[in-house]
Amino acid sequence: MKRNLLSILMLALLIVNIVLTSIMMFGVMGASKKTAELVTDIASVLKLELGDQADDKAAIPLSQTEVYHISEPMTIELQNSDDGKSHYCLVSVALSMNTKDKAYKTYGSAESMAAYEPLITGEITNVIGSYTIDVMREPATQEEAREKILAAVQKMFDSEFVYNVSFSDIKFQ
């Protein structure tokens, strides 16, 4: 009799376990599905944003690009780091311009760009000078600095005929 009672008790516990496991599975599946949809949506948005930026630069062929080099390498004082010493960045900067853009006819000539060079170098100095040497040595930070410089130059000219900023040589001390 005890064996039958124990068997019935184990069967009842087994059925309760299966029911609770089923309830938990359906509860977790809904949340898991919603999380997967959210991750997919975020990934698609990020891919679109990154794709648009890459396509803008790639859409301009080299035959429509003129490069303006800032006349001399710039020596920029960086923010003081934890060591208390002054650090400097020596950088050569080049601007890539779209020759088919409307504003290129107004601002794109070598003479026009040379006239605006002090304003451009001022923006470059402001952006690069806002970083410490440790932070500026990182490639991701250099890319961020290029993007900030590009945004400042495009705002200055109120046009996107300058579509890329390049550091052709960068050294730190």
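One structure accompanies this document, and this report is about it.

Definitions and cut-offs
What you see as residue numbers is a count from 1 along each chain, following the sequence as written. Under the rules for a predicted model, residues below a pLDDT of 70 receive no local features and side-chain atom pairs below 80 are neither given nor counted, while totals for whole chains, interfaces and linings still include all residues. By convention in this description, side-chain values take in all heavy atoms of the structure and omit both hydrogens and water. Each helix is a run of H or I in the DSSP string that is no shorter than four residues. Each strand is a run of E no shorter than two, and both are numbered from the N terminus. Just to be clear on terms, a salt bridge is a Lys or Arg side-chain nitrogen sitting within 4 Å of an Asp or Glu carboxyl oxygen. Classification of residues uses two cut-offs on accessible area relative to the type maximum, computed with a 1.4 Å probe and protein chains only: under 20% is buried, over 50% is exposed, and between them is partly exposed. Here the bend at a residue means the angle between the axes of two seven-residue stretches, the one that ends at it and the one that starts at it. Here the axes come from fitting lines to C-alpha atoms, over the contacting stretch only for helices, and the angles between their N-to-C directions go from 0 to 180 degrees. The scheme is simple: roughly parallel for angles under 35 degrees, roughly antiparallel for over 145, roughly perpendicular for 65 to 115, oblique for anything else. Helix crossings are classified by the rotation of the near helix relative to the far one: an anticlockwise turn of less than a right angle makes the crossing left-handed, while a clockwise turn makes it right-handed. We call two residues in contact when some of their heavy atoms are within 4.5 Å. Each residue gets one label: Ala, Val, Leu, Ile, Met, Phe, Trp, Tyr, Cys and Pro are nonpolar, Asp, Glu, Lys and Arg are charged, and the others, such as Gly, are polar. For this analysis, a nonpolar core means a set of buried residues of the types Ala, Val, Leu, Ile, Met, Phe, Trp, Tyr and Cys, connected via side-chain atoms within 4.5 Å.

## Description of unusual backbone geometry
It is generally the case that most residues other than glycine have a negative phi and that most peptide bonds are trans.
Inference 1: Unusually for a residue other than glycine, Asp158 sits at a positive phi of about 55°.
Inference 2: Summarising the element assignment, Asp158 is placed in the loop between α5 (139-157) and β4 (162-172).

## Side note on the pattern of salt bridges
Inference 1: Using the criterion set out here, one finds three salt bridges in the structure.
Inference 2: Of the charged contacts, one joins Glu143 and Arg146 as a salt bridge, the two residues approaching to 3.3 Å between their closest N and O atoms. Taken together, the positions of Glu143 and Arg146, both in helix α5 and three residues apart, correspond to about one turn of that helix.
Inference 3: We classify Glu143 as partly exposed; its relative accessible area is 30%.
Inference 4: Close ionic contact of Lys171 with Asp169 constitutes a salt bridge, the shortest N to O distance being 3.7 Å.

## Considerations on helix α3 (residues 110-128)
Inference 1: The sharpest bend along α3 comes to roughly 50°, located at Glu117, with the proline Pro118 sitting one to four residues further on.
Inference 2: Listed in full, the buried residues belonging to α3 are Ser112, Met113, Glu117, Ile120, Thr121, Ile124, Val127 and Ile128.

## Side note on the packing of α3 against α5
Inference 1: Direction vectors running N to C along α3 and α5 enclose 140°, while the axes themselves pass 10 Å from each other. If you check the angle between α3 and α5, you find them oblique. For the pair α3 and α5, the sense of crossing is right-handed. Contacts between α3 and α5 involve Met113, Tyr116, Leu119, Ile120, Glu123, Ile124, Val127 and Ile128 on the former and, on the latter, Ala145, Lys148, Ile149, Ala152, Val153, Met156 and Phe157.
Inference 2: Broken down by class, the residue content of the contact of α3 with α5 amounts to 13 nonpolar, no polar and two charged.

## Examining the environment of Gly27
Inference 1: Along the chain, the position of Gly27 falls in helix α1 (residues 2-59).
Inference 2: Residue classification places Gly27 among the partly exposed positions, given a relative accessible area of 49%.
Inference 3: Taking C-alpha positions, Gly27 is 63 Å from Lys105, a pair spaced 78 residues apart along the chain.

## Some thoughts on the side chain of Thr141
Inference 1: Within the secondary structure, Thr141 sits in helix α5.
Inference 2: A relative accessible area of 7% places Thr141 in the buried class.
Inference 3: Thr141 has contacts with Tyr131, Val135 and Met136, leaving out every residue within four places of it along the chain.

## A short note on the nonpolar core
Inference 1: Formed by 29 residues in total, the largest nonpolar core has its most connected members in Val93, Ile124, Ile128 and Phe167.
Inference 2: Of all the elements in the fold, those that place two or more residues in this core are β2 (74-77), β3 (88-98), α2 (102-107), α3, α4 (133-136), α5 and β4.
Inference 3: Sequence-distant contacts of Ile128, defined by excluding residues within four places in its chain, comprise Ile76, Leu78, Cys89, Val91, Met136, Ile149 and Phe167.

Treat this as a map of the structure, not an account of what it does.
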